[in-house]
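Inside the fold
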4 protein chains.
Amino acid sequence: MKSVLLTGFQPFGGETVNPSLEAVKRLQGAAVEGARLEALEMPTVFGKCLNVLEKAIDALQPDIVIAVGQAGGRSGITVERIAINIDDAPIPDNEGNRPIDTPIIAGGPAAYWSTLPVKTIVSRLRQAGIPASVSQTAGTFVCNHLFYGLSHLLATRYPGTRGGFIHIPYLPKQAAAFPDRPSMSLEVIVRALEIAVQTSIACGQEVIPVEGGQLH
Amino acid sequence: MKSVLLTGFQPFGGETVNPSLEAVKRLQGAAVEGARLEALEMPTVFGKCLNVLEKAIDALQPDIVIAVGQAGGRSGITVERIAINIDDAPIPDNEGNRPIDTPIIAGGPAAYWSTLPVKTIVSRLRQAGIPASVSQTAGTFVCNHLFYGLSHLLATRYPGTRGGFIHIPYLPKQAAAFPDRPSMSLEVIVRALEIAVQTSIACGQEVIPVEGGQLH
Amino acid sequence: MKSVLLTGFQPFGGETVNPSLEAVKRLQGAAVEGARLEALEMPTVFGKCLNVLEKAIDALQPDIVIAVGQAGGRSGITVERIAINIDDAPIPDNEGNRPIDTPIIAGGPAAYWSTLPVKTIVSRLRQAGIPASVSQTAGTFVCNHLFYGLSHLLATRYPGTRGGFIHIPYLPKQAAAFPDRPSMSLEVIVRALEIAVQTSIACGQEVIPVEGGQLH
Amino acid sequence: MKSVLLTGFQPFGGETVNPSLEAVKRLQGAAVEGARLEALEMPTVFGKCLNVLEKAIDALQPDIVIAVGQAGGRSGITVERIAINIDDAPIPDNEGNRPIDTPIIAGGPAAYWSTLPVKTIVSRLRQAGIPASVSQTAGTFVCNHLFYGLSHLLATRYPGTRGGFIHIPYLPKQAAAFPDRPSMSLEVIVRALEIAVQTSIACGQEVIPVEGGQLH
């Protein structure tokens, strides 16, 4: 039986909830396309999150890994295209670390591409009526750190496993008192992740003519 | 038994759905705080919408009227504070009318305040985890036209009836292919309107210290 | 000789500069279309600013009054269409006052229209290559307070004097460290105010088909 | 004598002007920090722009190359951190090409870092009162194409030459009729490029604690 590892982060930046953790917990043990989903809670801490990830992958030997994170301020699901080899933290992480312009993996390549079918996921989410787009940057905080570390681990030790990163918006309750904070209901987020898993199991990375580029 | 009239607009501006119409339809016939809700479909047409509204109010003699409209681009529920006596259409309405700088009611006052408990509604929505804020402008298109026409009708013919306007975001499916379009699930919108109705029945317009003002 | 009174506010909200004050100072004593410009510094304080304004108008007996204020976050010049009779301060003013939902003039009308040629100003600014649009709300802080107070004074005591309010963006130096703060150079702002004065002297309030309305 | 090559693009996307071309033309022949600036006009065309660039670099043998492009919608100067090996055009280029998910250099690395002192440039721009920040993505259109192609050329053929990409906002006249389009005066943009050149000549890539990272 195939297995899919989904990771969600602990709350950070003053929030008391992280939609990524809420969403992956809902999918713990679920069966999608004949695969079993395992949810993993991630510390929002540079370095430590990669240790937790590596142990889980070694134990589970998953076929697919999808890391999920909160992108406060974005309106829709954003499937990340590329991870870059730099930590540059605009705020401290949950243990007070704030690296500035340091490589995640010394000597590693500048960037790794997601090995998920990024555009097909976006296309299927849109068909399901869920706001979605391709993102060209996962930032330089713990989300990108985990995405790059995951990509490096898969490239160097698990070349048969595919992996990538999906950013999700705030929950409505996180946006309640902010006039300009877009949000998305947990039910929609959970459904989006199911579709992302289904698509990742069923589809390769064929180029499809979905709009996904950006002028800048 | 009290009655509450809820109005929702027909789709406009190239959309095939209008969340305000979808939401009020869901509440047709519902009972809230001992009042019966009546949903009314509004043509997105200057002038005509006011005729439809006046007939419905004459027939129903409601205690409260809440007009609802789509505010594409806004992230949360926005409870409108004031209606202004001008039509200035940035796009044609559904019958091709595009008035520029014409009064809605010749000789009418420049503006009417909502007679709903605007801030208490916002406060209760936030307590329920729903993004909400006060808006200082309902624009100058058919939404403001209906809001002003309703306010004038109530002020001149139904002084005992309270009324106002609530703007709601796009539905997720309207935002699916747009990276920067915030949206809100229909379930959340319907719940928000229920809370707005409850609050309008139960509360007067006492000043409460909810943040609702804007610097500009 | 005609005279035009231009007012600019003292810095507020943690800023050390206010572009409205910088801009009107540059125009002190200038001659535009045969009129002399007088610049007046305004305290960013509820109530007090109206006292300062009334004394200046009584002394100067200007033909036109244009109040100018900073609208941090807006990208272009926004010519305000309407002032509303409410103070609802999202932050304290420069003397710590923070009125919530109180009328500016007890018993005054809900709103006053600008008596400047709003759309003609916007049209001429655009022709000059300066970003400009009509705004339907001046907020509920000191800017709207001054705008409403000015309008009430002119309507009740100086019916032959025209007046209104223009919001301007941050200066570049106020936006230097903020990735998403739009700004405008002082030279462009000053030129915009000159055009606004010229247009206000030369033009009446004829309806012109410039786009200026908003959907919401 | 040192030489610095500055490139600016031809107008695209329906615009009749491109601020990057206007700005670099103003600097043609200027002397900055003892170096001579050469301005080069770039076709906004995939592939062709790289041919033009390579010929110019072969002829000029510059010490530093700064490619400049229009980032419509951004509020400040954005110094790009990284170029990625993909073309994914959301609109056609000026010759109708619209590549989807194709590598710029087959077999090239996923990404190249800018070899300009990115954060020091941002820091000095802010000190000069000019809005500036680090950008983690140059998009996937012709700007990123040129940036990646330049980086690959320098890495493979001119390892002693430093290069990178700077995005600039719309000019005010491009934003005149758009309420939400931020812009920047040409004078400020030109001054920003001078500072970028000065800094690139004088400074290495030492890590400085300027905020430049992003959460996502």
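Residues numbered from 1 in each chain as written. Chains lettered and ligands numbered in written order. Predicted model: local features only at pLDDT ≥ 70, side-chain atom pairs only at ≥ 80, totals over all residues. Heavy atoms only, no water.

Turning next to the sheet that holds strand β9 (residues 162-168) of chain D. All names here are of chain D. In spatial order, the strands read β2-β3-β1-β4-β9-β5-β8; together these seven strands make up an open sheet with mixed pairing. Of all the strands in the sheet, just β2 (31-32) and β8 (132-135) have a single pairing partner and so form its edges. As judged from the two bridges shared by strand β5 (residues 77-80) and β9, these two strands associate in the antiparallel manner. For Val-79, the partnering residue across the bridge sits in β9 and is Ile-166. Sheet contacts for helix α2 (residues 48-60): β1 (2-9), β3 (35-42) and β4 (64-70); angle to β3, the most-contacted strand, approximately 155 degrees. Packed on one face of the sheet, helix α6 (residues 186-202) meets β1, β2, β3, β4, β5 and β9 and runs near 155 degrees to β4. (Pairing = 2+ DSSP bridges. Helix = DSSP H or I, 4+ residues; strand = E, 2+ residues; numbered from the N terminus. Contact = heavy atoms within 4.5 Å. Axes fitted to C-alpha atoms, helices over the stretch in contact; angles between N-to-C directions.)

Here we come to unusual backbone geometry. All names here are of chain C. The backbone of Glu-33 shows a phi angle near 55 degrees, a positive value even though the residue is not glycine. Examined against the element boundaries, Glu-33 turns out to sit in the loop between β2 (31-32) and β3 (35-42). Here the phi dihedral of Asp-101 falls at roughly 55 degrees; this positive angle occurs in a residue that is not glycine. Along the chain, Asp-101 turns up in strand β8 (residues 100-102).

Many analyses report the size of an interface as the accessible area lost when the parts associate. Contacts between chain B and chain C engage 36 residues on the former and 35 residues on the latter. Where chain B abuts chain C, roughly 2,900 Å² becomes buried across the two surfaces, and 64% of that area is made up of carbon and sulfur atoms. When the buried area of chain B at its contact with chain C is split by residue, Trp113(B), Leu215(B) and His216(B) rank highest and sum to 24% of it. The interface formed by chain B and chain C holds eight salt bridges in total. (Buried area = accessible area lost by both parts, 1.4 Å probe. Salt bridge = Lys/Arg side-chain N within 4 Å of Asp/Glu carboxyl O.)

Between the two copies of the chain lies a relationship made up of a rotation around an axis and a movement along it. Laying chain D over chain A is done by rotating through 180 degrees and shifting 0.0 Å along the axis; what remains is an RMSD of 0.0 Å. Taken together, the rotation and translation describe the operation of a two-fold axis. Here 100% of the contact residues of chain D are again contact residues in chain A; the copies associate through an equivalent surface. (Least-squares fit on C-alpha atoms with pLDDT ≥ 70 in both.)

The next point concerns the side chain of Ser114(D). Within the fold, Ser114(D) resides in the loop between β7 (111-113) and α3 (118-127). Within the local environment of Ser114(D), its side chain forms a polar contact with the backbone nitrogen of Leu116(D), the two atoms lying 3.1 Å apart. (Polar contact = N/O pair within 3.5 Å; in protein donor to acceptor, adjacent residues only side chain to side chain.)

Moving on: the relation of the copies chain B and chain C. If you rotate chain B by 180 degrees and push it 0.0 Å along the axis, it lands on chain C with an RMSD of 0.0 Å. The residues that chain B uses at the interface reappear at the interface of chain C in 97% of cases, marking a shared surface.

Pairing of side chains with opposite charge becomes possible as their charged atoms draw close. Residue and element names in this part refer to chain C. In the structure shown here, the tally under the stated rule is 44 salt bridges over all chains. We note a salt bridge from Lys-48 to Glu-95, for which the minimum N-O separation is 2.3 Å. A residue pair is termed long-range when its members are at least 10 positions apart, and Lys-48 in helix α2 (residues 48-60) and Glu-95 in the loop between β7 (87-88) and β8 qualify at 47 residues. Judged by relative accessible area, which is 36%, Lys-48 ranks as partly exposed. By relative accessible area, Glu-95 is classed as partly exposed at 47%. The salt bridge partner of Glu-54 is Arg-157, with a shortest N-O separation of 2.6 Å. In this pair, Glu-54 sits in helix α2 while Arg-157 sits in helix α4 (residues 142-157), placing the two residues 103 residues apart along the sequence. Given the relative accessible area of 41%, Arg-157 is considered partly exposed. (Buried < 20%, exposed > 50% of the residue type's maximum accessible area, 1.4 Å probe, protein only.)

We now examine the environment of Ala71(B). Along the chain, Ala71(B) falls in the loop between β4 (64-70) and β5 (77-80). Residues Ala71(B) and Cys143(B), 72 residues apart in the sequence, show an inter-C-alpha distance of 9.1 Å. Setting aside its immediate chain neighbours within four residues, Ala71(B) contacts His167(B), Ile168(B), Pro169(B) and His216(C).

Here the focus is the confidence of the model for chain A. On average, residues of chain A score 96 in pLDDT, and 97% of them are at 70 or above. At the level of chain-chain contacts, confidence expressed as ipTM amounts to 0.95, with global pTM at 0.96. (pLDDT = per-residue confidence, 0-100.)

Let us look at the UniProt feature "active site" (unreviewed entry) in chain A. All names here are of chain A. The feature "active site" (unreviewed entry), as annotated in UniProt, sits at Glu-80, Cys-143 and His-167 in this numbering. Spanning 88 residues, the annotated positions come together in the fold, the maximum distance between their C-alpha atoms being 10.4 Å. Within the secondary structure, Cys-143 is located in helix α4 (residues 142-157). For Cys-143, a relative accessible area of 3% corresponds to the buried category. Apart from the residues lying within four places of it in its own chain, the contact partners of Cys-143 are Phe-9, Gly-69, Gln-70, Ala-138, Phe-165 and His-167. (UniProt positions renumbered as here; feature names shortened; annotations may be inferred.)

Turning to the interface of chain D and chain A, a few remarks are in order. Between chain D and chain A, the residue contacts involve 35 residues of the former and 35 residues of the latter. Around 2,900 Å² of area is buried between chain D and chain A when both sides are counted, 64% of it from carbon and sulfur atoms. Of all residues in chain D, Trp113(D), Leu215(D) and His216(D) give up the largest surface area on contact with chain A, accounting jointly for 24% of the area buried on that side. Joining chain D to chain A, the criterion identifies eight salt bridges. Here Asp101(D) makes a salt bridge to Arg81(A), at a shortest N to O gap of 3.1 Å. Our enumeration of links across chain D and chain A arrives at 16 residue pairs in polar contact (both at pLDDT 80 or more).

Turning our eyes to something else, we now look at helix α3 (residues 118-127) of chain C. Working note: α-helix, 3.6 residues per turn, so residues spaced by three or four point in the same direction. All names here are of chain C. With respect to burial, α3 is a largely interior element, eight of its 10 residues being buried. Taken as a whole, α3 has its buried residues at Val-118, Lys-119, Thr-120, Ile-121, Val-122, Ser-123, Leu-125 and Arg-126. For α3, the elements touching its buried residues are β5 (77-80), β10 (132-135) and α6 (186-202). Remark: Gly-129 follows α3 within two positions and exhibits a positive phi of approximately 80 degrees.

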